[in-house]
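Observations on chain architecture
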Amino acid sequence: MGACILAYRLRLGSIHNPGAGLIPFGVAGLLGFMSIGLLLRGLFGSTVGSQREGMFQGVQWRGVTLTLCGLLGYGAAFPILGFRLSTFFLMLLFIGGVGRQKWWLTFTVSLFTVVCAYFIFVVWLGCPFPVGPFGI
Amino acid sequence: MLEYFTLGIQVALQPVNLFYCFAGVFIGTLIGVLPGIGPVGAMSLLLPATFSVSPVGAIIMMSGIFYGAQYGGSTTSILVNIPGEASSVITCLDGYQMARKGRAGPALGMAAIGSFIAGTISIVGLMVLAYPLAKAALSFGPPEYFALMCLGLVVLTFLTQGSMYKALMMALLGILLGFVGLDMFTATSRFTFGVNELMDGIGIVPLMMGLFGVSEILTNIEQPMKRKIYETKIKGLLPNLQDWVVCKWAILRGTVIGFFLGILPGGGAVLASFVSYAIEKKVSKYPEKFGTGVIEGVAAPESANNAAAQSSFIPLLSLGIPPNVVMAVLFGGLLIHGIQPGPLLIRSHPEIFWGVVMSMYIGNVMLLALNLPLIGMWVRILKVPYAILFPLILLFCLIGVYSVNNSVLDIYLMILFGVVGYLMRKFDFEPAPLALAYVLSPLLETSLRQSLNISGGSFLIFFSRPISLVCMVFVIGLLVFQITSYAKRKRSILPVE
């Protein structure tokens, strides 16, 4: 519905000469109506409760949450800490924190990954990644 | 024709293109072997890495990933009972049972040889059909294109495993996401919320990587990260004479089914493998044995998915319409390289079309070599713990998505679409219609607006031209069929309740 309002503000034009907002308005309107239909079916349907329970049964939220936090943190740290440091910390978190591997394996694989990624992407492919404090 | 054929061979045999072909089929096999990332994710992941490569090299590599994944997918299905790729799901049924009976070798061998035969026949079909189709498509106008794209989207939503209603909603959402950015007719910015980086629209790479890469990883790590490889010695990869006798027709039937389902809008390798298995079971003299380790149950779907993988290039290269989500990524890749897929591609860039087609032959031979003698290597890779594998995949996603525009916003967009894709899987919403609709959205809007301009605002234009009329009749027919079958289901449930 929000998309409908935004599309309406863009100028709808006419069917003969559609404006920038006409087709987005139509698509958003149709999607809105279908969403309401699905919502009503969900509210008055008989199997929704049990289905929803089954969907998240046995989910290990710790791993999912840590992974998402790691990804968001990487996005925030990347321009500040630079490619090498942020990648190293991300690997530590994923392999050690989410994957629960032994500390020496976590450290070795993380270090090896950073070195390989640096040579592939920075040295070979020439990707201009940000550099962290002290040029690391 | 012969001169183009020679041109294609010259392009494909250039050392640099041979390298990209090998890299593509190698990565494709790896992706196919490893459960957790499919060809869509891998192609999106490697799209930024191809920016510095020539367009023909990039497309050769991306195509290699796609058809290479169809080969590799069977390995995990047979040895681990986990499909490495969606199109190899059905191979688990008989392939794994064969492995349990000590016949993993012939199962792997038949999958690879069947894939090779089907892939090669399908390339011949691609060469024969694409050129005349592209010639015919030159007479297509905006109404025909609009109707064809509508048909593609509706067929895809019809064929999705879950609810068609939800799939249609996803297609509409995909179209809506495609509107983000500047309007092509009036240069008005739409849904950008003042963010300059969104003026060019949402990037195809963060969207695909999020929907198919990150969401897949999130789904995998929510469960304990352990998998068992069936401990069996793989020996005697070549099937025996008896296997050949029972499989020759299965391979041919799989090839024909796969070829035609690959061309269909909305079809593709997954559908082809399921349909060919069902048909094989139906025509078999011993259908009750399917699922217990019958070699035709491996040969047919594996041939079909490879034939479909190759033939799905036909609508993309000749009409400029991607028939499935993998082709949509390739479509995006071509656009990024400044090449407009469509009827003019074969005429204006013959080196790309014929070079890619010829590289497929070479790729198929490489795949046979990679999948038969080197099978032991792929099995060893399967033993790498997922706890080490998934961080590497995520890191490649992050680096890949950032390097497209050197933008952190793309990283956040990828995470956002990853979460959206994860929730979509949980609530049974298919990501494929969203992705395909997103790619088709600009073309769809342009052809609709042009059609309305031509007709003076009348929608009857879509019913007054033969090709668009046929497509629209199919579109309406499929929608009506779905609604009536839903109503029938409802009526049959009500008396019980």
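What counts and how
Along each chain, numbering runs from 1 in the same order as the chain's sequence is written. The lettering of chains begins at A and the numbering of ligands begins at 1, in the order of writing. Given that this is a predicted model, residues contribute local features only at a pLDDT of at least 70 and side-chain atom pairs are listed and counted only at 80 or more, while totals for whole chains, interfaces and linings are drawn from all residues. The basis for every side-chain value is the complete set of non-hydrogen atoms in the structure, without hydrogens or water. Note on conventions: DSSP H or I runs of at least 4 residues are helices, E runs of at least 2 residues are strands, and numbering of each starts at the N terminus. Here the globule rule is a power law, 2.2 Å times the number of residues to the power 0.38, and the radius of gyration is based on C-alpha atoms. Working definition: with a 1.4 Å probe on protein chains only, accessible area under 20% of the residue-type maximum means buried, over 50% means exposed, and in between means partly exposed. A contact between two residues is defined here by any heavy atoms of the two lying within 4.5 Å. Residue burial considers only the protein chains on display, and all accessible areas are found by Shrake-Rupley using a 1.4 Å probe. Here the positive residues are Lys and Arg and the negative ones are Asp and Glu; neither His nor the chain ends is included. Every charge is mapped to an atom, namely NZ of Lys, CZ of Arg, CG of Asp or CD of Glu. Simply put, the buried area is the total loss of 1.4 Å probe accessible area from both parts when two parts are fitted together. Salt bridge, as applied in this entry: a Lys or Arg side-chain nitrogen positioned within 4 Å of an Asp or Glu carboxyl oxygen. Polar contacts, as used here, are pairs of N or O atoms within 3.5 Å; protein pairs need one atom able to donate a hydrogen and one able to accept it. Residues neighboring in sequence count only if both atoms are side-chain atoms. Nonpolar cores were defined as sets of buried Ala, Val, Leu, Ile, Met, Phe, Trp, Tyr and Cys residues, with membership established by side-chain atoms within 4.5 Å. Here a cavity is any set of points on a 1 Å grid over the protein atoms alone where a 1.4 Å probe fits but cannot get out, and a pocket is any open set with protein on both sides within 12 Å along at least 5 of 7 lines; a residue lines the site when it has an atom within 4 Å of a point. Grid points are joined across faces, edges and corners, and a volume is the space filled by probe spheres set on the points. Three classes are used: nonpolar for Ala, Val, Leu, Ile, Met, Phe, Trp, Tyr, Cys and Pro, charged for Asp, Glu, Lys and Arg, and polar for all others, with Gly counted as polar. Paired rings are identified among Phe, Tyr and Trp, the last through its six-membered ring, by centres lying within 6.5 Å, and are further divided according to the angle between planes into stacked (under 30 degrees), edge-to-face (over 60) and tilted (the rest). Expected span of a helix: the number of residues minus one, times 1.5 Å. Throughout, an axis means a line fitted to C-alpha atoms (over the contacting stretch in the case of helices), and angles, computed between N-to-C directions, take values from 0 to 180 degrees. Oblique is the label for any angle not covered by the other classes, which are roughly parallel (under 35 degrees), roughly antiparallel (over 145) and roughly perpendicular (65 to 115). It is the rotation of the near helix from the far one that decides the hand of a crossing: anticlockwise by less than a right angle makes it left-handed, clockwise makes it right-handed. Exposure above 30% relative accessible area and the lack of any salt bridge qualify a residue for a patch; like charges then connect within 9 Å, and the nonpolar side chains Val, Leu, Ile, Met, Phe, Trp and Tyr within 5 Å. For every residue, the predictor assigns a confidence score, pLDDT, that lies between 0 and 100.

Another point: the overall build of chain B. Counting secondary structure elements, chain B contains 21 helices and two strands. Relative to its length of 497 residues, chain B is compact, with a C-alpha radius of gyration of 22 Å against a globular reference of 23 Å. Within chain B, buried positions represent 61% of all 497 residues. Counting contacts in chain B only where the partners sit at least 6 residues apart, residues at least 24 apart contribute 79% of the total. Carbon and sulfur atoms make up 69% of the accessible area of chain B, which totals about 18700 Å². Taking the 28 positively charged and 21 negatively charged side chains of chain B as two groups, their mean positions are separated by 10 Å.

Helix and strand content of chain A: five helices and zero strands. Overall, chain A shows an N-to-C arrangement of helices and strands of α-α-α-α-α. Projected onto its principal axes, the C-alpha coordinates of chain A cover approximately 60 × 45 × 25 Å. Counting the 136 residues in chain A, one finds 38% classified as buried. Just so you have it, chain A exposes about 7800 Å², and 72% of that area is on carbon and sulfur atoms.

Listed by partner, the interface residues are 59 residues for chain A and 56 residues for chain B. Across the interface of chain A and chain B, roughly 5000 Å² is buried in total on both sides, 80% from carbon and sulfur atoms. Here chain A is connected to chain B by zero salt bridges. Here chain A and chain B share five residue pairs in polar contact (both at pLDDT 80 or more) between them.

Moving on, we come to the nonpolar core. Residues and elements named next belong to chain B. Formed by 184 residues in total, the largest nonpolar core has its most connected members in I202 and M208. Counting residues per element, this core draws most heavily on helix α6 (residues 104-137), which supplies 13 residues. Of all hydrophobic cores here, the second largest spans six residues; its members include I257, A269, A272 and A308.

Residue and element names in this part refer to chain B. Summed over all chains, the structure comprises one cavity of 30 Å³ or more. Together, Y71, S74, T75, L108, A111, A112, N371 and I375 line the largest cavity. Put simply, the parts of the chain that give the lining of the largest cavity at least two residues each are α4 (55-79) and α6. In the lining of the largest cavity, the residues fall into five nonpolar, three polar and no charged.

Residues and elements named next belong to chain B. Tracing the backbone through its elements, the reader meets L93 in helix α5 (residues 91-100). Measuring from C-alpha to C-alpha, the distance between L93 and F290 comes to 7.9 Å, with 197 residues separating the pair along the chain. Apart from residues no more than four positions distant in its own chain, L93 is found in contact with Y277 and G291.

This brings us to the packing of aromatic side chains. Scanning the model with the defined rule gives 23 aromatic pairs over all chains in all. Relative to W354(B), the ring of Y4(B) lies with its centre 6.1 Å away and its plane at 5°, an arrangement referred to as stacked. Of this pair, Y4(B) sits in helix α1 (residues 2-12) while W354(B) sits in helix α16 (residues 350-371), and the two are 350 residues apart along the sequence. Overall, the relative accessible area of 24% leaves Y4(B) in the partly exposed class. Plain terms: the ring middles of F259(B) and F260(B) are 5.3 Å apart, the flat faces sit at 90° to each other, and that makes the pair edge-to-face. You can call F259(B) buried: its relative accessible area is 10%. Judged by relative accessible area, F260(B) falls into the exposed class, the value being 52%. Pairwise contacts between aromatic rings join Y74(A), F78(A), F83(A), F129(A) and Y402(B) into one cluster.

All right, on to α4(B) then. Spacing of three or four residues puts side chains on the same side of an α-helix, whose turn is 3.6 residues. All names here are of chain B. Between its terminal C-alpha atoms α4 stretches 37 Å, which fits the 36 Å expected from 25 residues at 1.5 Å a residue. Counting buried positions along α4 yields 24 of 25 residues, so the element is predominantly enclosed. Once α4 ends, the next one or two residues include N81, with phi positive near 65°.

Glancing now at α16(B). Between its first and last C-alpha atoms α16(B) spans 31 Å; for 22 residues at 1.5 Å apiece the expected length is 32 Å, and the two agree. Of all the 22 residues making up α16(B), 16 are buried; the element is thus mostly covered by neighbouring parts of the structure.

It is the contact of helix α4 (residues 61-98) of chain A with helix α9 (residues 204-221) of chain B, at a shortest axis distance of 8 Å, that shows an interaxial angle of 140°. Accordingly, the angle class assigned to the pair α4(A) and α9(B) is oblique. Within the contact between the two elements, α4(A) uses G63(A), V64(A), T67(A), L68(A), L71(A) and V98(A) and α9(B) uses V214(B), L218(B) and I221(B). Broken down by class, the residue content of the contact of α4(A) with α9(B) amounts to seven nonpolar, two polar and no charged.

Moving on, we get to the side chain of T87(A). If you trace the backbone, T87(A) turns up in helix α4. Using a relative accessible area of 0% as the deciding quantity, one classes T87(A) as buried. Those residues within four positions of T87(A) in sequence are excluded, and the remaining contacts are Y74(A), V114(A) and L395(B).

For R11(A), which is not glycine, the phi dihedral falls at a positive 85°. If you trace the backbone, R11(A) turns up in the loop between α1 (2-9) and α2 (22-44). Phi angles above zero are rare outside glycine, and F191(B) is one such case at about 50°. Following the sequence through the fold, F191(B) ends up in the loop between β2 (189-190) and α9.

We now examine the packing of α4(B) against α6(B). Residues and elements named next belong to chain B. Orientation of α4 relative to α6, taken along the N-to-C sense of each, is 160°, at an axis distance of 10 Å. As judged from the angle between their axes, α4 and α6 are roughly antiparallel. Where α4 crosses over α6, the two elements pack in a sense that is right-handed. Contacts between α4 and α6 involve Y71, S74, T75, I78 and L79 on the former and, on the latter, A104, A107, L108, A111, A112, S115 and F116.

This part takes up a nonpolar patch on the surface. On the surface, M1(A), F33(A), I36(A), L39(A), L40(A), L43(A) and F44(A) cluster together into a nonpolar patch covering about 830 Å² of accessible area. Position of F33(A) relative to the elements: it lies in helix α2.

On to the confidence of the model for chain B. On average, residues of chain B score 83 in pLDDT, and 94% of them reach the 70 mark or higher. Among the scores for the predicted complex, ipTM is 0.91 and pTM is 0.79.

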